[in-house]
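Architecture at a glance
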Amino acid sequence: MSHENPERDPELEARLARHLNGCRMGRSVYAFEQLGSTMEHAHALAREGAPEGTLVVTLRQNQGRGRLGRVWESPVGGAYFSLIVRPTRELSDVPQLSLLAGLSAAEAIQRSTGLYPSLRWPNDVLLNGNKVAGILVEAKASAVILGVGINVTTRTDELPDTATSLQAGGARAVDPLVLTASLCQQFQAWYDVWTAEGFASIREALRPWMGHFGQPVHISAGSQQFEGTASDVDENGRLMVRLDSGLIRTFDVGEVTLLR
Ligand code: BTN
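My aim in this report is to walk through the structure given alongside it, one point at a time. Please read all numbers here as calculations on a predicted model, not as lab measurements.

Neighbouring the ligand are 20 residues; Ser-37, Gln-61, Arg-65, Arg-67 and Lys-131 lie closest to it. A distance of 2.7 Å separates an oxygen atom of the ligand from a polar atom in the side chain of Ser-37. Between the ligand and the protein, one listed contact pairs a nitrogen atom with a backbone N or O atom of Arg-65 at 2.7 Å. Within the complex, 99% of the 420 Å² of free accessible area of the ligand lies under protein. Counting atoms within 2 Å of the grid points, the majority share of the ligand lands in the largest pocket. Only α2 (38-47), β3 (78-85), β6 (130-139) and β7 (144-151) provide two or more residues apiece to the shell around the ligand. No other element matches the 4 residues that β6 contributes to the shell around the ligand. Residue classes in the shell around the ligand are distributed as 7 nonpolar, 9 polar and 4 charged.

Take a look at the structure:
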């Protein structure tokens, strides 16, 4: 097998299991003091047949990765995990999972810290305009892996300039494992709704968190650039933007920057 074979940390696993309190998303936990990337480890477990809800957690990563091939700085102080899911909905609905995860992250942060983060489509979690958490969704034939990184007590001088941590944003102290468990619980609830009924209620729940709705944005989609006003997510989770020309355009991929 190509993935690394580090030693699991039973003490960490027991602590997390206590916080998860029987949650199906986290029914089986693999916890490590350090990993290259929880994504690689989760993909390897999925290939071996690990069931939905298998959770891979670490206290730090030395090869953490973000969207679009970027590096995800992962020093001690963050929550880093990957969750294996095996959705039964259409393949075309799978990108909606990143919105479910973003929503769950915003809710878990609010519940655990009292702070209100905002979401930037599709799933960046922002605090005072800076990125405090990111989500990566990787779909393979074997399973879908959701990767989540949250800067909790991470020192900001160990993060990129555009990033922040919950602690730097004034959050009350929170254990990354507690936050991880809370996010898994929120995600399980939304995932059950989504599996049974589809995206409609998630769309409703997302709107109040979407800080850029009604704001002027720049969107970079592949080699194309657009400017307009972000207005909503559509019934499939695509971003709707009223372009400066007056046309409404929907995006299923793209990088959004707020223009003021
Ligand atoms: C983004 O670019 O916003 C997504 C960042 C995702 C980072 C998380 S940390 C846990 C998991 N393991 C990784 O290597 N990446 C994801």
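Now for the pairing of strand β8 (residues 216-221). Bridge count between β8 and strand β9 (residues 224-233): 6 bridges; the pairing is antiparallel. Of the residues in β9, the one forming a bridge with His-218 is Glu-227. Connecting β8 to the antiparallel partner β9 that follows it, the hairpin turn spans 2 residues, and Gly-222 within it adopts a positive phi of roughly 60°. As defined by bridge partners, β8 adjoins strand β12 (residues 255-258) across 4 bridges and the pair is classed as antiparallel. Bridging from a neighbouring strand, Val-217 pairs with Leu-258 of β12.

The pairing of strand β1 (residues 28-35) with strand β2 (residues 54-61) spans 7 bridges and is classified as parallel. Considered in β2, the bridge of Ala-31 is made with Val-57.

Next up on the list: the sheet that holds strand β11 (residues 248-251). Spatial ordering of the open sheet is given by β11-β10-β9-β8-β12, a layout of 5 strands whose pairing is antiparallel. The sheet terminates laterally at β11 and β12, the two strands that pair on one side only. Within this sheet the neighbouring strands show an average axis-to-axis angle of 45°, counted without direction. Looking at chain direction, strand β10 (residues 239-243) and β11 are connected through 4 bridges and run antiparallel. Note on β11: the bridge partner recorded for Val-241 is Arg-249.

Rules behind the numbers
Residues numbered from 1 in each chain as written. Predicted model: local features only at pLDDT ≥ 70, side-chain atom pairs only at ≥ 80, totals over all residues. Heavy atoms only, no water. Near = heavy atom within 4 Å. Polar contact = N/O pair within 3.5 Å; in protein donor to acceptor, adjacent residues only side chain to side chain. Areas by Shrake-Rupley, 256 points an atom, 1.4 Å probe, with all protein chains shown as cover. 1 Å grid on protein atoms, 1.4 Å probe; cavity = no way out; pocket = protein on both sides within 12 Å on 5 of 7 lines; lining within 4 Å. Sits in = over half its atoms within 2 Å of the grid points. Helix = DSSP H or I, 4+ residues; strand = E, 2+ residues; numbered from the N terminus. Nonpolar A, V, L, I, M, F, W, Y, C, P; charged D, E, K, R; others polar. Pairing = 2+ DSSP bridges. Axes fitted to C-alpha atoms, helices over the stretch in contact; angles between N-to-C directions.

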